[in-house]
Amino acid sequence: MNAFIQGLPKVELHLHIEGSLEPELLFNLAKRNQIDIPYDSPEALRKAYEFDDLQSFLDIYYQGANALQTEQDFYDLTWAYLERCQHDNVIHTEIFFDPQTHTDRGIAFDTVIKGIVSALKDGQQKLEISSQLIMCFLRHLSEEAAIETLKQAILYKDDIVGVGLDSSEQGHPPEKFARVFEMAREHGFLTVAHAGEEGPAQNIIDAISMLGVSRVDHGVRCVDNEALVAQLIESRMPLTVCPLSNIKLRVFDEMQDHNIVELLRKGVAVTINSDDPAYFGGYMTDNFVAVSQAHLLTHEELAQFTLNAIDASFIGDTQKQAYRKKVTDYLNSVV
Ligand code: ADE
Ligand code: ZN
C-alpha cells in the first residue's frame, strides 16, 4: 500500500510555507542572518515540537519564522518544500503565506513575495510542479491590519490567486473579517478560510455565508452539525483536511479516531494535506500513509482524495482534465 501511495499523483491545497521550515534550514538561516536560537541543535529544536493545542504550536511557529529575513531565505524555504513535493509526487500545490508574520517585524512584503514567487516559477520550469499562491490574514490581528495587508496584495494581484484566514480560531470568528473578504472578492481574489479546526461548526457555516469561501480549511468539526454535513455533500464544498496536524494539535486523540474516511464515504469532498509539515512530522505521502494505516482504504478511495483536490483546486479546466487523467492512468496501471 505504501508503494501505491508513493506513486500516486498528489495535489496539495493546504500548506503554510512558513510551516515547511525544517529545523536544519532554520539553523542555517539563523547562522546566515546572525540570529540567536535558544536551542543547541536542530535535533534539540525538533524535540521541542510537542503541542497541546493550536496556540502552543503557533507560539513556536511564529518564533521560527523570525529566521526568515531576505528574499533568498524565502526562496530557499520554498525551494526546499518543492523538492519534497517532487519526492512525494505532488504535481500541483497551492501554498499559503502569512505576510503579517514578516511585515510586523520589518520585512518588506516585496521581499517575501519575490522570494516565494521566484522559487515557484523555478518549480514549474525545473520540476514541472504547478502552483498557486494564497495570502492569509492572521485572524488574531485586527480588521484594519488585514485591510492594510490586502492593499499590499492588490499590487501583486498577478501572483496571488486568493486570500485566506489562519492563526488562532478561538475568539476570532469569520464575521470579524467579513468586510475585508468582501473587498478581496471585489478585487477578484478567490477566498478560503480555516474554520472548524478547533472552533465550532458554526465557524464553517459563517465562513461559507459571510466570507464566500470556495473551500474550507480543516472543517473537521462539521460532524457536530448534521445539516451542515448534508449541505457540504450537496454543494461539494471541499474540505482541506490535515490528518497529521490534527493529531499533533490534539483535534483528535489518534488517527483511528479521525473522521476523514467517514466523511469521504459520506460523499464530502475531503482532501489530504500537510499543513505545517516541518512541525507535524510529515509531508503529503506521510499523511496519506498515516491515514491508510489507521483506516482500511482501497486504491480507488486513496485516489479519490487526489481527484477531490484536483476539482477543488484553483487551476483551469484543461489542466484539471489533464491531472485527472494522470490519476486515472495511474490507477489503471496498478489495479
Ligand atoms: N497557521 C499555520 N498553521 C495553522 C493551522 N493549522 N491553523 C491555524 N493557523 C495556522
Ligand atoms: Zn493550516
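Here the structure is a predicted model, which means the values were calculated and not measured. (Residues numbered from 1 in each chain as written. Chains lettered and ligands numbered in written order. Predicted model: local features only at pLDDT ≥ 70, side-chain atom pairs only at ≥ 80, totals over all residues. Heavy atoms only, no water.)

Caption draft 1: Structural view of the environment of His-14. By secondary structure assignment, the location of His-14 is in strand β1 (residues 10-16). Taking relative accessible area as the criterion, His-14 reaches 0% and is therefore assigned buried. Linking His-14 and Thr-149, residues 135 residues apart in sequence, is a C-alpha distance of 20 Å. If we ignore the near neighbours within four places in the chain, the residues touching His-14 are Glu-94, Phe-96, His-194, Asp-217, His-218, Thr-240, Cys-242, Asn-273, Ser-274 and Asp-275. A polar contact of 3.4 Å, which involves the side chain of His-14, links it to the side chain of His-16. A distance of 2.9 Å separates polar atoms of two side chains, one belonging to His-14 and the other to Asp-275. (Helix = DSSP H or I, 4+ residues; strand = E, 2+ residues; numbered from the N terminus. Buried < 20%, exposed > 50% of the residue type's maximum accessible area, 1.4 Å probe, protein only. Contact = heavy atoms within 4.5 Å. Polar contact = N/O pair within 3.5 Å; in protein donor to acceptor, adjacent residues only side chain to side chain.)

Caption draft 2: The sheet that holds β1, seen in detail. Taking strand neighbours across the sheet as the criterion, the eight strands line up as β1-β2-β3-β4-β5-β6-β7-β8 in an open arrangement whose pairing is parallel. Strands with a single pairing partner mark the edges of an open sheet, and in this sheet they are β1 and β8 (269-272). Across the sheet, the mean angle from the axis of one strand to that of its neighbour is 25°, orientation sign disregarded. In the sheet, strand β3 (residues 130-138) pairs with strand β4 (residues 162-166) via five bridges, with the strands oriented parallel. (Pairing = 2+ DSSP bridges. Axes fitted to C-alpha atoms, helices over the stretch in contact; angles between N-to-C directions.)

Caption draft 3: Main features of the UniProt feature "binding site: Zn(2+)" (unreviewed entry) in the protein. Following the UniProt record, the feature "binding site: Zn(2+)" (unreviewed entry) maps to His-14, His-16, His-194 and Asp-275 here. Spanning 262 residues, the named residues form one tight spatial group whose C-alpha atoms are at most 11.7 Å apart. Residues that both appear in the annotated list above and line the largest cavity are His-16, His-194 and Asp-275. Among the polar contacts listed, one links the side chain of His-14 to the side chain of His-194, at a separation of 3.0 Å. Residue class for Asp-275 comes out buried when judged on its relative accessible area of 3%. In this view, Asp-275 contacts Glu-12, His-14, Leu-15, His-16, His-194, Glu-197, His-218, Cys-242, Ser-245 and Phe-280; residues no more than four positions away in its chain are not counted. (UniProt positions renumbered as here; feature names shortened; annotations may be inferred. 1 Å grid on protein atoms, 1.4 Å probe; cavity = no way out; pocket = protein on both sides within 12 Å on 5 of 7 lines; lining within 4 Å.)

Caption draft 4: Quick look at the site of ligand 1. In the neighbourhood of ligand 1, the contacting residues comprise His-16, Leu-54, Phe-57, Leu-58, Tyr-61, Asp-166, Ser-167, His-194, Glu-197, His-218, Asp-275 and Asp-276. Within the side chain of Asp-276, an N or O atom sits 2.6 Å from a nitrogen atom of ligand 1. Within the complex, the protein chains bury 100% of what would otherwise be the 260 Å² of accessible surface of ligand 1. Most atoms of ligand 1, that is more than half of them, are within 2 Å of grid points of the largest cavity. When residues in the shell around ligand 1 are grouped by element, the largest group, four residues, is from helix α4 (residues 54-65). Looking at the shell around ligand 1 residue by residue, the class counts come to four nonpolar, four polar and four charged. (Near = heavy atom within 4 Å. Areas by Shrake-Rupley, 256 points an atom, 1.4 Å probe, with all protein chains shown as cover. Sits in = over half its atoms within 2 Å of the grid points. Nonpolar A, V, L, I, M, F, W, Y, C, P; charged D, E, K, R; others polar.)

Caption draft 5: Inspection of helix α16 (residues 299-312) at higher detail. When the terminal C-alpha atoms of α16 are compared, their 20 Å separation across 14 residues agrees well with the 20 Å that a helix rising 1.5 Å per residue should span. Most of α16 is tucked away, with ten of its 14 residues classed as buried. Buried residues of α16: Glu-301, Leu-302, Ala-303, Phe-305, Thr-306, Leu-307, Asn-308, Ala-309, Ile-310 and Ala-312, and no others. (Expected span 1.5 Å × (residues − 1).)

Caption draft 6: The arrangement of the packing of helix α2 (residues 23-32) against helix α5 (residues 71-87) in detail. For the pair α2 and α5, interaxial distance at closest approach is 11 Å and the crossing angle is 165°. Considering their axes alone, α2 and α5 lie roughly antiparallel with respect to each other. α2 and α5 meet at a crossing whose hand is right-handed. Across the interface between the two elements, Leu-25, Leu-29 and Arg-32 of α2 pack against Gln-72, Asp-73, Asp-76, Leu-77 and Ala-80 of α5. Per-class residue counts for the contact of α2 with α5 are four nonpolar, one polar and three charged. (Parallel < 35°, antiparallel > 145°, perpendicular 65-115°, else oblique. Left-handed = near helix turned anticlockwise from the far one by under 90°.)

Caption draft 7: How the structure looks around the coordination of the zinc ion (ligand 2). Note on the zinc ion (ligand 2): its protein donors are His-14 (NE2), His-16 (NE2), His-194 (NE2) and Asp-275 (OD). The metal-donor distances range over 2.0 to 2.2 Å. Here the zinc ion (ligand 2) is ringed by four donor atoms whose angles at the metal span 84 to 175°, and the overall shape comes out irregular. Written as a sequence motif, the donor residues of the zinc ion (ligand 2) are H-x1-H-x177-H-x80-D. Taken together, the residues span a long stretch of sequence, with His-16 in strand β1 and His-194 in strand β5 (residues 190-195) at a distance of 178 residues. Each member of the pair His-16 and His-194 is classed as buried. (Donors = N, O, S within 2.8 Å, 3.2 Å for Na, K, Ca; no water. Tetrahedral: all angles 85-135°; square planar, octahedral: opposite > 155°, others 65-115°.)

Caption draft 8: Up close: the UniProt feature "site: Important for catalytic activity" (unreviewed entry) in the protein. Mapped onto this structure's residue numbering, the UniProt feature "site: Important for catalytic activity" (unreviewed entry) falls at His-218. Its place among the elements puts His-218 in strand β6 (residues 215-218).

Caption draft 9: Seen up close, empty space enclosed by the protein. Taken as a whole, this structure holds two cavities of 30 Å³ or more when the rule is applied. Considered as a void within the structure, the largest cavity measures approximately 100 Å³ in volume. Sorting elements by how many residues they give to the lining of the largest cavity places α4 first, with five residues. Considering only residue class, the lining of the largest cavity consists of six nonpolar, four polar and five charged. Per-element accounting of the lining of the second largest cavity gives the leading share, three residues, to α5. Here the lining of the second largest cavity is composed, by residue class, of five nonpolar, one polar and three charged. (Points joined across faces, edges and corners; volume = space filled by probe spheres on them.)

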